[in-house]
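So you can see what is in the structure, the chains are spelled out below.
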Amino acid sequence: MALMGPRVTFFTHQMDPITSGVTILQVVQTIAQASAFLYGYVVSVRNVPSSCQRLLDQCNSIRGVLATIMDIENDQSLPDNLRHTVSLLTAEDGPLAKLDAELNNLLPNNLARRKMSKNPRLTWPFKEKEAGMIADRLKQYYGDITTILAIDSWNTLKEVAQGVKEVSWTLQGIEEREKAEEYRKLLEWMNPVSCTDKHEASCRQRNPESGRWIFHNDQYVAWNKSDSAFLWLNGRPGHGKTILASSVIDEIQGSGEAEPQTLAYFYCNFRDNRTTIAAAVLCSLVVQLLRESKDDWITKICESVLQEEGVLVSLRKLWKQKSNGEPCPTDLGFLRKLLVEASTLVHLPVLVIDALDECRDYPELVGHLINLPEDARLRLFVTGRSEPEIKNAFHRLPIMTLKDSAEQMHADIHAHITEQLKTRKRFSRLPDTLKKRILEKLSTRAHGMFRWVQYQLDEIMVCKRHVDIEIALDNLPAGLYETYDRIIQAIQKRGQGDDQIVRSCLLWLAITFTPLTLDQLHEAMMIKVGQSSLNSDLGVINPMDIVVACGNLVTYDEKTGVVALSHYSVKEYLISLRPNSIMGSISYMHACICELLFTYVLCDSVYEAWAKGFTAGPAYGASGRDDYPLLSYAVKATLGHLRHVSDKDYCVITALKHLHFEFRDDTEKCSLLEHLFQPLMDDGQSSDKSHSRLFIPLQLGSPRMVETLVKVQPDLLNVDIASGSGLPLVCAIASNPAFLSVLLKLGVDLNKPSFIKPCLYGQQDLPSGSYTPISWAVAIESEVAVEFLLSQTEVNLPDDILHTATQPYPSRDSYIAHRSKVKLGHNLYLEALSDAEQVIGLNPLSYLGYELKYAALHGVQRYDDAIEAFNIMLSKMDDAPDPIRQLRQQYVTPSEVEDAIQQTVLIHLENAPLRLINTSTGRLCNRDAQINAFLESTECKELLSSSVMHGPLQMEAVKEAVAKHFGWAMLSHRWERKEPLLHDIQHKDIYELDPVGTTVKLQKFCEVARNAGHRWAWSDTCCIDQNNNVELQQSVNSMFVWYHHSALTIVYLSDVPPSSQSGALANSVWNTRGWTVQEFLAPKIVLFYQADWTLYVDVRSRNHKESVSIMQELEGATGINAQALVEFHPGTRGSQEKLRWASNRSTTREEDIAYSLFGIFDVNLPVIYGEKRQKALGRLLQEIIAHSGDIAALDWVGQSSNFNSCLPADISSYKAPSWPSLSKDEMQNAVSMLRNEAVESASKLYALLANLSVPRFANGRLQLPCVAFSVIEVRPRPCQDRAKCFAYNIKADGLQDLLITMEDRWIQFSSARPTRQTFLLIRPWNRHDLELPDFVDETQSVDDWSKPGSPTDEAVGWSLGDNEPPDSQSDTRELRLLARLAQPFRALLLAQQRGGEYKRIASDRNIIASVDDITRMDARMLEIL
C-alpha cells in the first residue's frame, strides 16, 4: 500500500540513538495483535466480561498516541528537545518497553510475537479481577506516555492530526476488509429472497402504454408526496395488480427526484414457496434496506454489542444471535423492529409488497404492517386481493380499488389487446373488421381482468377459421373459473390420455412445496399405487407433451426446466371446493401425493438409487439425480404433505400401514425411512430403528390415524413407541397431552408402567426406570396430564403418588382446592362444595374458594347462591395484586350478562306476536308478562350463572337459550262460528273453560303445542284485539313474520276425519281460504292435524314440509310449486305467479283477499276495513309495481278496476298461467336469424328502451313504459254468442292482423272512416329484458331464508325474458332483446282520453298480437287512468 511506504523506508535505516531500545512500530504491532485477540473474543462468545471491553478501549487509546509519536519522530525538523523526549519513551527501561512486555503477557502463547490473525473461537484466560488490574496498568502507561509528550509546542500539535490520520488509513484497510466480510456474512445469514427475476419477468409482460394512469390517481399522488404513508391496491384475480406493482417499482427507481429514495420491494409468488412466508418478506426487506444504507451500521452494532441499551437495539441483538451460531429469527414482531431500525439508516425509505394474499401466513403479517409507515417513517405500497383478514386489517387505511378505476383499466386492456393484434403474426393476418370485433368483444367482457383477456386471446389464436373466431367471441366465458372449466372440458374431450396427464400434473403443481421440474413431473406420472416398480408405460414419449397437454394452465421455463401453474387463480381454482371440482379437498390432494410418494420410495429401484449414496440437494424441489429426479423431492417433502392430511383421508392410513410393514420386513430400507421422517426423529425420541406404527400419527397429532391403527391392531397401545420411549400413553403425556382423551376412549391402561429413558424427552435430570402414567406426569410436571389422570377414577393413586401429585400446591388450602376441582370433574358437587367451604375458611381473602363454591352451587342448580358466590369472587380478584387481578378480565359480571340477556330477549321478541298463551298455565300473556316469566325462570338463572365464567360473553349460547324459551307455536285453521275472542280468555285459564264448541279446538291446540315442547302458543281468534285498530293493523302487517319465526305451525283440518287416506288434505276447505296461503308458506316447520288431533295420514315426521307425499298432494291442490312450498322467499318479484296462487281463494271480509297477501309480497300498507275489495287490491298491486318495476301484475283477463283501468277488479282475473318464454335453443336460433339483418335496429331499440324509466304510480295514475302499436282499422265480425260478446278484426301498424272479443260494443273505423279517438295496442315494457344488473333494493323484513335463490325469488312474470337465465352467453344483449320483442305477446288495448291520458279497454279473453315489422316498434311512456 502506498501509505505504508514512508513507514518501511524509515525503519529500514540504520538505527540511531533514538531507537536503541524497543521501536515504536514493534509496540504498535503488538497492540494490533492484542486488539485482534480481544475483538475476536468479543464476537465469539456470550456474556463477555466487562474487563475485556476495558482492555480493548485502552489498547485503542494507546495505539492512537503511538501513531502520533511515529509522525513526530519522522519529522526532520523536529527540535532537539522533542527528539530527546521521544528517546526517553523508547529507552530499554522506558514506558514503551514495559508496555510491550505487558501486552505480550496479555496474548496467548500461540499468538505472541506472530502476525495478527483471526481466531474464530477463543477462550478468556483471565479472571475478572486479574484482567481489571492489567487494564489499570495499561491506563498508567498511557498516562506516562502522554505526560512525557505534554510539551507546549505548536509544531507538535500541528503534526498530531496528520499522524493520526495516516496511521488510521494504515489500519483502516484491515478494518474495512474485516467489516465488509462481517457485513456480507450477516446479510447472507439472514437468508433473504431475491425478487429481481420476478420483477424483470413482470416488466417484460407490461405494455409500455398501460398502467401509467396509476401515477395520476389522487390516492397515489397523496401517498407519493408523503414521507410516511400507506396505500393498499386491491382488485379481483387477474386484474394485473402485479404488473401495476412493477410499474410503481420502476417509477420509484427512475423517479429522478431531487432527494433520492431508498426502495425495497418483495413479490409474494405462490410458485416459489420461499416467497410465501411472512418472515421471508420482512427479512428480505430488512436486508435490502441495510444494503442501501450509507451509514456504518455494522461498526455501531459491533462496538455496542456489550451495551444493554442504545440505538439499533434489535440489530445488535441480531448480531449477537448470529455470533452465537443461532438461526436467523422468524418472529414477526422482532423482524418488524428490525425493519423499523433499518429504515432509520436510509434516506426516504419506500417499501413495495406485491400479492400479499399469496403469502401463506398473511393473516399474521397484516397486523405488523398497519402502523409500520408511522413507526418507521416510510412509505408502504401493498397489493393484494380483498381477503377478509386483509380487508379487516386495512379497512381504516387508504385503499385504492381497481374496481373504482374501471375506465382506466378498460383503456389498459384496450391497449393490451391492440398491441397483441398488431404484434402476433396470426392476428395480423385477420381482416380489420374481425380484429375490431375481437377488440370490442374482449374489452367489453374483460371487466378489468388481464388474465382473462390473455386466455381468450390464446384460445382465439388457435382457431383455424374466421367463423370459429366468431363462435368463440359469441361464447366467451363469464370469468376465470369458467375459463378454466372450459379448458379442462376441452382437455377431457381430447381423450383419456390427455386427461390423465393433465390431472396428474395439476395435482402435483397445485400443492407442491417447491418448484418441480419437467423431469420430476414425468417420473411422478409413472407411479402406480400398488405396484413395486415404476411403470414406464404411464409416462409420455416426449416430456414436453406434458406442457403441451396442459396448455395455458401452466408455464415452462426452458432455462431451469421448471413447470409451474400459469397464475395464482389456477391454483385457487384447483383447490377450491366446487360442485365440478376436479381435485377434491386440499387434504385429499395431499393424501394422494403422500400415497404416491410412499409407493415411489418403496420401489426397489428407487431404494437402490438411494443406497448408492444419493443425497438431496439444498433446493430439494428442483434438484436430484438424472435417473430418479423425484427422489430429492420425496425425501424432503413427504413429511410436509403428510402434515396437511386430514384424519378423514383413509388412503394415507392404508399407505402408512403398508409403508411400515415394508420397512419392518426389509430393515435395509430403514435409512430411507429415517430420511423421510427425519424431522420427527430429530426430536431425540430414540436411535432405535423399530418405531411403533403409532409413532408418526402421535407426532403429527392425528387422532383419527391413531384410532384407525389401534382398531386394526389393539395391542399397539401396549407396545413401546421405541426403545426407552415408553408406551403410547407415556409419549402422549410428554409430547401431546391432547391425545390423552383419544387414548382413553380406545381403552388404554391408565396404570400400566413403562420403562422410560427421560433423556429422550429432554428430561436430563430424571433417572431411567419404570414409571406409571401418573408418576411420569408428576415427574415431568405436566399439569395438564396430572389434572387429566387425577380426574379419572380408575387411576391408582397410592399415598406417595397423591402426595407428589399435590406437591405443586404448597399449602393445605391449595391442596383442598385441587381436591375440590377433582370432585367437580366427577360431578360430586356436594362434596366439592364442602371442600370449597374449607378453602374459604382457611384463606378467606383468596378468590379461589369462592370460585369453587360458585361451580359447586351451579352444579346443584342453586343458581342464586352461585351468582352471590361469583360476585364475591370478583370482589376478591379486584382487591388482589397482579397477576390475580388480571384474571378478572376472563369473567363477565352478572349485571353485564343480565343486560345482554334482556337485550337479546327484546330483539328476539321483535318478531314475535304481541300476545301469547302460556301453554303451561293456560293464561294469555302480553309482552311484559312474557319477559318477566322468563327472567324468573330456572332457564334464565341457569343461563345467567353459566355465562359469567366466559369472557368475552358467549352470545350464541344466550341467543340459543332465549330462542328455546320463547319458541311459540302458531295455529292455522278455518274460522268457524263462535270462535273464542280476546275477551273470552283474558285473565282466565283456557284449560278451565267449558270444553264446548271451538273452545275445545283452542284447548287441544295448546295441549299439542305444550306436548311438542313449546311454552307459548298463538291463535288469531283470541290473541288479537279486534277492536284496537292500531293493534289490528300491526298484526296484519306482521303476521307473515310471526309465522315465519315460529318454532312450529300447527294446521288444524277440521273437515278431515280420522284415519283419512291421502288426498283428504287436497279436498279440505282449508285450501280455499285466503289467509292460509301465507300461514303455510311462511313457517319453516309445519304439522297437519286431522279433526281428532291426530297427525295427518299418520306421518310422524317432525316437519311435514319434509314429507314428499304431503308436498306433492298440496302442490296438486294449490298449484304452488313443491319447492316454493318448502323454501318460499317473500318479495314483490314474480308477482303474477303469486297472484295466481290466490286467484281461487276467498275470505270472509272482502278486503282480506288483499291484506292476506301483504306478507307474501313483503309490503307494509295501511289496513282500512270498509274500503272494498277493488281499492284494497288496487293499493296492493300499485305497491308491487312501484316497488319492483315488475309489470307482470298487468297481465290479467277480466273486468277493469275502478282504482285504475290497468288493474283487475278481482283477484280471480289472474287464473290464467304465465305466457311462455323462449327456450335457450329457440333464443339462439332467433338471434342467428337476426344477426345478419337487424343488428343496427336492435342497437337503436335497445338504447331507446334503456332510456325509459320504470313504471310508477301517483294518485291512482300509472306511468307505464311500453312498446306501442297504433290501431289503424277496426272492423266488426260475427261472434258465436252475440248476446254476450262482440268480435272485431283489428289492423295495427307493425302488427299482423288480429281478432279480439270484448263484452262491450266498440266503435268501427278505418282510413276511409277515421275516428278522433286514438287507440293503441301496447306491450308493457319489462326493464329486466335489458339484462342489466338488478339494483332494486328489495329489503326484507323476514330474515334467514333457507335458500335466497328459491324459485319464487325469480321474476316469474309474463314478460318474455323473465324465465331465461340471467347471463345467456349465446349472443349479444341487443339481439336477444329484439328476439324477445319479435315474439307473439299478450297485448293491452288502450283508448286515449280527452286529456291525453289513456284507459285500458278490458277483454274477457287474451289479446294475442304478433309483430309484423320489427322496425315499426315505438317505445314510449303512457299515463293510464
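Quick notes on the rules
- Numbers given to residues run from 1 along each chain, matching the order in which its sequence is written.
- In keeping with the predicted nature of the model, local features appear solely for residues at pLDDT of at least 70, side-chain atom pairs appear and are counted solely at 80 or more, and the whole-chain, interface and lining totals rest on all residues.
- Note that water and hydrogens are dropped before the side-chain values are worked out from all heavy atoms of the structure.
- Pairing of aromatic side chains here covers Phe, Tyr and the six-membered ring of Trp, requires ring centres within 6.5 Å, and sorts the geometry by plane angle: under 30 degrees stacked, over 60 edge-to-face, intermediate tilted.
- Helix and strand definitions here come from DSSP, where helices need a minimum of 4 consecutive H or I residues and strands a minimum of 2 consecutive E residues; each element is numbered from the N-terminal end.
- A 1.4 Å probe rolled over the protein chains alone gives each residue an accessible area, and that area as a share of the maximum for its type sets the label: buried under 20%, exposed over 50%, partly exposed in between.
- Only the contacting stretch of a helix is used when fitting its axis, a line to C-alpha atoms as for every element, and angles between N-to-C directions run 0 to 180 degrees.
- Note on angle classes: values under 35 degrees are labelled roughly parallel, values over 145 roughly antiparallel, values of 65 to 115 roughly perpendicular, and the remainder oblique.
- Handedness of a crossing follows from how the near helix is turned relative to the far one, being left-handed for an anticlockwise turn of less than a right angle and right-handed for a clockwise one.
- Any pair of residues with heavy atoms lying within 4.5 Å of one another is described as a contacting pair.
- By the convention adopted, Pro, Cys, Tyr, Trp, Phe, Met, Ile, Leu, Val and Ala count as nonpolar, Lys, Arg, Asp and Glu as charged, and the other residues, Gly among them, as polar.
- Every residue gets a pLDDT, meaning the predictor's confidence in that residue, from 0 to 100.
- Think of a salt bridge as a Lys or Arg side-chain nitrogen and an Asp or Glu carboxyl oxygen that are within 4 Å of each other.
- Polar contacts, as counted here, are pairs of nitrogen or oxygen atoms within 3.5 Å of one another; within protein the pair requires one atom able to donate a hydrogen and one able to accept it, and residues that are adjacent in sequence qualify only if both atoms are side-chain atoms.
- To estimate how far a helix should reach, multiply one less than its number of residues by 1.5 Å.
- For two strands to be treated as a pair, DSSP must find no fewer than two bridges joining them.

**Q** Which residues make up the packing of aromatic side chains, and what values go with them?
**A** For the structure on display, the rule yields 30 aromatic pairs. Seen in terms of ring centroids, Trp1070 and Phe1080 are 6.4 Å apart; in terms of plane orientation they differ by 85°. Their pairing is edge-to-face. In this pair, Trp1070 is assigned in the loop between strand 15 (1048-1052) and helix 53 (1076-1081) and Phe1080 in helix 53, connecting sequence segments 10 residues apart. As far as the burial class goes, Trp1070 and Phe1080 line up, both buried. Residues Tyr1155 and Tyr1169 carry aromatic rings whose centres are separated by 5.2 Å and whose planes lie at 80° to one another, so their mutual orientation is edge-to-face. One end of the pair, Tyr1155, is in helix 57 (residues 1152-1155); the other, Tyr1169, is in the loop between helix 58 (1158-1161) and helix 59 (1173-1188), and 14 residues separate them in sequence.

**Q** Tell me about unusual backbone geometry, residues and numbers included.
**A** With a phi close to 55°, Ala355 is a non-glycine residue in the positive phi region. Looking at the secondary structure, you find Ala355 in the loop between strand 3 (349-354) and helix 15 (362-369). On the accessibility criterion, Ala355 (6% relative accessible area) is buried. With phi around 55°, Asp1098 is a residue other than glycine that occupies positive phi space. In this fold, Asp1098 is placed in the loop between strand 16 (1086-1089) and helix 54 (1108-1118).

**Q** So what's going on with the packing of helix 20 (residues 432-446) against helix 22 (residues 466-474)? Residues and values would help.
**A** Two elements in contact, helix 20 and helix 22, have axes separated by 10 Å at closest approach and are oriented at 15°. Here helix 22 runs roughly parallel to helix 20, going by the angle between their axes. Pair helix 20 / helix 22 crosses with left-handed handedness. Residue-level inspection shows Leu434, Arg437, Ile438, Lys441 and Leu442 of helix 20 in contact with helix 22, the latter providing His466, Ile469, Glu470, Leu473 and Asp474. Looking at the contact of helix 20 with helix 22 residue by residue, the class counts come to five nonpolar, one polar and four charged.

**Q** An account of the confidence of the model for the protein chain is requested, with residue identities and associated values reported.
**A** Summarising the model, the protein chain shows a mean pLDDT of 79, and 81% of its residues fall at 70 or more. Across residues 151-171, where pLDDT falls below 50, the model places 26 contacts with residues more than four positions away in sequence or in other chains. Note on residues 614-624: pLDDT is under 50 here. Beyond four places in sequence and across chains, it has 29 contacts.

**Q** For the pattern of salt bridges, give the residues involved together with the corresponding values.
**A** A full pass over the atoms with the stated rule returns 37 salt bridges. Between Arg424 and Asp458 there is a salt bridge, with the nearest N and O atoms lying 3.2 Å from each other. Highlighted residues: Arg424 in the loop between helix 18 (406-423) and helix 19 (425-428) and Asp458 in helix 21 (residues 450-461), separated in sequence by 34 residues. In the salt-bridge network here, residues are joined through shared partners; they are Asp357, Arg385 and Glu572.

**Q** Can you tell me about the side chain of Ser1403, naming the residues and giving the values?
**A** In this fold, Ser1403 is placed in the loop between strand 24 (1398-1400) and strand 25 (1408-1409). For Ser1403, a relative accessible area of 10% corresponds to the buried category. Polar side-chain contacts of Ser1403 include one of 2.8 Å to the backbone oxygen of Arg1405. Those residues in contact with Ser1403 that sit more than four places away from it in its chain are Val1197, Gly1198 and Thr1301.

**Q** Tell me about helix 14 (residues 332-343), residues and numbers included.
**A** Within an α-helix, residues lying three or four positions from one another point in the same direction, as the helix has 3.6 residues per turn. Counted at 1.5 Å a residue, the expected span for helix 14 with its 12 residues is 16 Å, and the 16 Å between its end C-alpha atoms agrees. Burial of helix 14 is extensive: 10 of the 12 residues sit out of reach of the surface. Burial in helix 14 covers these residues: Leu332, Phe334, Leu335, Arg336, Leu338, Leu339, Val340, Glu341, Ala342 and Ser343. Buried residues belonging to helix 14 abut helix 11 (278-292), helix 13 (313-323), strand 3, helix 15 and helix 16 (372-376).

**Q** Can you lay out the pairing of strand 4 (residues 379-384) for me, pointing to particular residues and giving the numbers?
**A** Of all six residues that make up strand 4, six are buried, and the element is covered over most of its length. Neither face of strand 4 is exposed, since Arg379, Phe381 and Thr383 on one face and Leu380, Val382 and Gly384 on the opposite face are all buried. As judged from the six bridges shared by strand 1 (residues 229-234) and strand 4, these two strands associate in the parallel manner. Residue pairing for strand 4: Trp232 is matched across the bridge by Val382. The pairing of strand 3 with strand 4 spans four bridges and is parallel. Within the sheet, the bridge partner assigned to Val350 lies in strand 4 and is Arg379.

**Q** Lay out the packing of helix 60 (residues 1224-1235) against helix 62 (residues 1373-1381) with the relevant residues and their values.
**A** Helix 62 packs onto helix 60 with a crossing angle of 105° between their chain directions and a minimal axis gap of 9 Å. Put simply, helix 60 runs roughly perpendicular to helix 62. Residue-level contacts link Met1227, Ala1230, Val1231, Leu1234 and Arg1235 of helix 60 to Leu1375, Arg1376, Leu1378, Ala1379 and Arg1380 of helix 62. Class assignment for the residues of the contact of helix 60 with helix 62 results in seven nonpolar, no polar and three charged.

**Q** Before we move on, could you go through the side chain of Gln520 and cite the residues and values that matter?
**A** With respect to the helices and strands, Gln520 occurs in helix 25 (residues 518-525). With a relative accessible area of 2%, Gln520 lands in the buried category.

**Q** Could you give an account of the sheet that holds strand 13 (residues 968-972), with specific residues and numbers?
**A** With mixed pairing, six strands are arranged side by side in an open sheet as 12-11-14-13-15-16. The open sheet has two edge strands, strand 12 (924-925) and strand 16, and neither has a second partner. By the bridge criterion, two bridges tie strand 11 (residues 916-918) to strand 14 (residues 1016-1018) in an arrangement that is antiparallel. In the sheet register, Ile917 faces strand 14, and the bridge partner there is Ala1017.

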